[in-house]
Amino acid sequence: MSTVGKQKRLTAVDIRKRKGGEKLVCLTAYDYSSALLCDAAGADLVLVGDSLGNVVQGHDTTIPVTLDQIVYHTSLVSRGLNHALLVSDLPFLTFSLGEAETLRNAGRCLVEGGAQAVKLEWQPGGEKVVRALYNAGIPVMGHLGLTPQAIHRLGGFRVQGRSEEQAAAMLDEAKKLEDAGAFSIVLELIPRTLAQRITEAISIPTIGIGAGAHTDGQVLVFHDLLGFPSGVNARHVKQYLNATELLTDALKLFADETHSGDFPGEEHGFK
Ligand code: KIV
């Protein structure tokens with residue numbers, strides 16, 4: 001059966017065209033129900049981030065996240081999206097061991113997971129890998145600034161690009177990503193003036209997290225934004241809900257009603 005004309009989701013090309021236009025909304029999701037929520041809320045992009053390691057798996061870093069896990073969670077999210085572009089995060093070392101290996105790994109996200117693009121954290125020489133993916137038909141989102149997979153080299157989760165030397169280097173990396181064919185770039189935890197400088201210097205959209213308001217879009221981690229217990233409440237996060245409190249209250253009510261016998265009622269049973 002032909003699939004021509006069936007694609008309802010946004011594409012990397014649509015996202016790229018939004019440069020300088022209506023701000024892009026990006027959210028992370030890790031399963032079917034969070035994907036349904038993000039899509040219904042009008043997200044333009046949904047990222048199966050390797051923040052999975054922190055907010056779903058309970059690790060301190062994103063380093064233990066595997067490609068199999070990202071592929072699996074991408075497949076769950078894929079079933080919940082009708083509108084948003086689905087991006088898989090390439091985990092630690094899955095794009096560092098040569099072009100063939102990177103293509104194989106990224107390809108799994110599309111073939112098995114249903115992603116339409118991959119994201120990768122910048123590493124020196126990264127433009128070659130982005131070019132190879134682009135040539136193979138795999139759209140790439142770059143990631144600059146705080147790149148959590150390099151946490152052991154960076155020495156902690158702190159703002160990047162504060163010195164003029166670091167800022168100039170990051171600007172150069174952004175241009176390399178653009179030249180190599182990336183369709184957008186995540187800017188994480190950098191000074192807002194640098195984010196603005198990068199945003200104005202390149203023709204692809206920037207999506208900020210802890211990078212101020214002068215980017216082409218914003219991304220937040222689902223669990224942080226909604227105040228889940230595993231989310232972080234750092235300065236760059238705005239918590240739109242206290243899910244921990246709301247959900248705990250509901251769960252406690254269930255426990256109380258089970259103890260008191262108020263649940264189940266007549267209406268929850270069968271004759
Ligand atoms: O892993 C992730 O969720 C991310 C976003 C914070 C951009 O990289």
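Calculation criteria
- Residues numbered from 1 in each chain as written.
- Predicted model: local features only at pLDDT ≥ 70, side-chain atom pairs only at ≥ 80, totals over all residues.
- Heavy atoms only, no water.
- Helix = DSSP H or I, 4+ residues; strand = E, 2+ residues; numbered from the N terminus.
- Contact = heavy atoms within 4.5 Å.
- Core = buried A, V, L, I, M, F, W, Y, C linked by side-chain atoms within 4.5 Å.
- Buried < 20%, exposed > 50% of the residue type's maximum accessible area, 1.4 Å probe, protein only.
- Patch = residues over 30% accessible without salt bridge, like charges linked within 9 Å, V, L, I, M, F, W, Y side chains within 5 Å.
- Areas by Shrake-Rupley, 256 points an atom, 1.4 Å probe, with all protein chains shown as cover.
- Salt bridge = Lys/Arg side-chain N within 4 Å of Asp/Glu carboxyl O.
- Phe/Tyr/Trp six-rings, centres within 6.5 Å; stacked < 30°, edge-to-face > 60°.
- Near = heavy atom within 4 Å.
- Polar contact = N/O pair within 3.5 Å; in protein donor to acceptor, adjacent residues only side chain to side chain.
- Nonpolar A, V, L, I, M, F, W, Y, C, P; charged D, E, K, R; others polar.
- Pairing = 2+ DSSP bridges.
- Axes fitted to C-alpha atoms, helices over the stretch in contact; angles between N-to-C directions.

For the rest of this paragraph, the subject is the environment of Ile209. As for its placement among the helices and strands, Ile209 is situated in strand 7 (residues 206–209). Linking Ile209 and Leu10, residues 199 residues apart in sequence, is a C-alpha distance of 21 Å. For Ile209, the contacting residues outside a window of four places in its chain are Val186, Leu187, Glu188, Leu189, Val219, Leu220 and His236.

Time to look at the nonpolar core. Membership of the largest hydrophobic core comes to 69 residues, with the highest contact counts inside it found for Leu45 and Ile198. Among the elements that make up this core, the one with the highest residue count is helix 8 (residues 164–180) (six residues). What Leu45 contacts, discounting residues up to four positions off in sequence, is Ile15, Leu24, Val25, Cys26, Leu27, Ala84, Leu85, Val87, Met141, Phe183 and Ile207.

Our focus in this paragraph is a nonpolar patch on the surface. Taken together, the side chains of Tyr240, Leu241, Leu246, Leu247 and Leu251 present a nonpolar region at the surface, about 520 Å² in accessible area. Looking at the secondary structure, you find Leu241 in the loop between helix 10 (222–225) and helix 11 (243–260). Residue classification places Leu241 among the partly exposed positions, given a relative accessible area of 36%.

Within the secondary structure, Glu173 is located in helix 8. With 46 residues separating them in the primary sequence, Glu173 and Glu127 have C-alpha atoms 8.4 Å apart. Excluding anything up to four places from it in sequence, Glu173 contacts Trp122 and Leu144.

A few words now on the packing of aromatic side chains. Overall, the coordinates contain two aromatic pairs when judged by the stated rule. With a centroid separation of 6.0 Å and an interplanar angle of 35°, the aromatic rings of Phe222 and Phe228 are classed as tilted.

A full pass over the atoms with the stated rule returns nine salt bridges. Linking Asp89 and Lys119 is a salt bridge whose minimum nitrogen-to-oxygen distance equals 2.9 Å. Highlighted residues: Asp89 in strand 3 (residues 85–89) and Lys119 in strand 4 (residues 117–121), separated in sequence by 30 residues. For Asp89, a relative accessible area of 2% gives the class buried.

Let us look at the site of the ligand. Around the ligand, the structure places Thr28, Leu47, Gly49, Asp50, Ser51, Asp89, Lys119, His143, Val186, Ile209 and Val221. In this structure, Asp50 approaches the ligand through a side-chain N or O atom, which is 3.0 Å from an oxygen atom. Asp89 places a side-chain nitrogen or oxygen 3.2 Å from an oxygen atom of the ligand. When the ligand is considered free in solution it has 260 Å² of accessible area, and contact with the protein chains removes 95% of it. In the shell around the ligand, the residues fall into four nonpolar, four polar and three charged.

This part is about the sheet that holds strand 5 (residues 140–145). The strands making up a sheet associate through backbone hydrogen bonding, with each pair oriented either parallel or antiparallel. Strand order in the closed barrel formed by eight strands is 1-2-3-4-5-6-7-8, and the pairing between neighbours is parallel. With strand direction ignored, the average angle separating the axes of adjacent strands in the sheet is 25°. Judged from the four bridges that link them, strand 6 (residues 184–188) and strand 7 form a sheet pairing that is parallel. Each bridged residue has a counterpart across the sheet, and for Glu188 the counterpart in strand 7 is Ile209. Where helix 4 (residues 67–78) meets the sheet, it contacts strand 2 (45–48) and strand 3, and its direction lies at approximately 165° from that of strand 3.

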